[in-house]
Amino acid sequence: MPMKLYSHWQSSASYRVRIALNLKQVDYLQTTVDLAPTKSQQHRPEFKAVNPQGLVPTLVLNNGTVLSQSMAIIEYLEELVPVPSLLPVEAAARARVRAIAQIVASDMHPLHTTRVFTYLANSLDLEPSAIDCWTSHWVTRSLSVIEAMLSDADYCLGTTVTMADIFLVPEVYAARRFGVDLALFPKVRRVDACCSNHEAFYRAHPSAQPDAPVVA
């Protein structure tokens, strides 16, 4: 029986987990949780019964165990299916990979989640353009740090995909949505371009998901 992934096409954290599942060639079924304010399915009792935090991604294992938080899920997949490895062999290199992933997961992504945007719009009465400007500022600052950390190879820290790439690529997608000037980050753009040619990343892309809007 395949694992079950609760996901949303535009969720950066869900995007990461989809990439990891694809890289590890783990069979899974995807269930959409509509995060749109008009639907807010993440707040409904039936989903809260699965994940009390009401967030995606949520991965339900074959035995019914529920995993949440993208970092924890990806670390679990790394332990479950060690090959291909998403972490280098050498300890310091592993720490560098995790550092980039943590900048994304802890410093960048939390500032552009649906719940943050809802608060900025409803409680602080900010216009969409102001929210995009605010988000772009913080995403740009974090991408500047990551740019300085990247190697000159095809991927973040070498010639193979690591957890750093899995976390960075969805943030590049988000950065484009918020109008971030990616011309400032040639290494980031190079990594994104290299990953876009990888089937696991292509299949995980938001536009390839069953709940993505149909573009006429």
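Residues numbered from 1 in each chain as written. Predicted model: local features only at pLDDT ≥ 70, side-chain atom pairs only at ≥ 80, totals over all residues. Heavy atoms only, no water.

A. Structural view of the packing of aromatic side chains. Taken as a whole and assessed by the stated rule, the structure comprises 3 aromatic pairs. Ring geometry for Phe 117 against Phe 178: centres 5.7 Å apart, planes inclined by 85°, an arrangement best described as edge-to-face. Separated by 61 residues along the polypeptide, Phe 117 in helix H5 (residues 114–122) and Phe 178 in the loop between helix H7 (163–177) and helix H8 (186–196) bring together distant segments of the chain. Residue Phe 117 shares its accessibility class with Phe 178, and that shared class is buried. (Phe/Tyr/Trp six-rings, centres within 6.5 Å; stacked < 30°, edge-to-face > 60°. Helix = DSSP H or I, 4+ residues; strand = E, 2+ residues; numbered from the N terminus. Buried < 20%, exposed > 50% of the residue type's maximum accessible area, 1.4 Å probe, protein only.)

B. Spotlight on a nonpolar patch on the surface. Together, Tyr 119, Leu 124 and Leu 126 make up an exposed nonpolar region whose accessible area comes to about 270 Å². Tracing the sequence through the fold places Leu 124 in the loop between H5 and helix H6 (128–149). With relative accessibility at 43%, the residue Leu 124 sits in the partly exposed group. (Patch = residues over 30% accessible without salt bridge, like charges linked within 9 Å, V, L, I, M, F, W, Y side chains within 5 Å. Areas by Shrake-Rupley, 256 points an atom, 1.4 Å probe, with all protein chains shown as cover. Salt bridge = Lys/Arg side-chain N within 4 Å of Asp/Glu carboxyl O.)

C. Geometry of the pairing of strand E1 (residues 3–7). Among the 5 residues in E1, 4 count as buried, and that is most of the element. In this view, the connection linking E1 to its parallel neighbour strand E2 (residues 28–32) by way of helix H1 (residues 12–23) has right-handed handedness. Examined bridge by bridge, E1 and strand E3 (residues 58–60) share 3 bridges and lie antiparallel to one another. Residue Lys 4 lies in a different strand from E3, and its bridge partner there is Val 60. (Right-handed = clockwise from strand over helix to strand, strands pointing away. Pairing = 2+ DSSP bridges.)

D. Focus on H1. Between its terminal C-alpha atoms H1 stretches 17 Å, which fits the 16 Å expected from 12 residues at 1.5 Å a residue. Counting buried positions along H1 gives 12 out of 12 residues, so the element sits mostly inside the fold. Within the sequence span of H1, burial applies to Ser 12, Ala 13, Ser 14, Tyr 15, Arg 16, Val 17, Arg 18, Ile 19, Ala 20, Leu 21, Asn 22 and Leu 23. Gln 25 sits one or two residues past H1 and shows a positive phi near 55°. (Expected span 1.5 Å × (residues − 1).)

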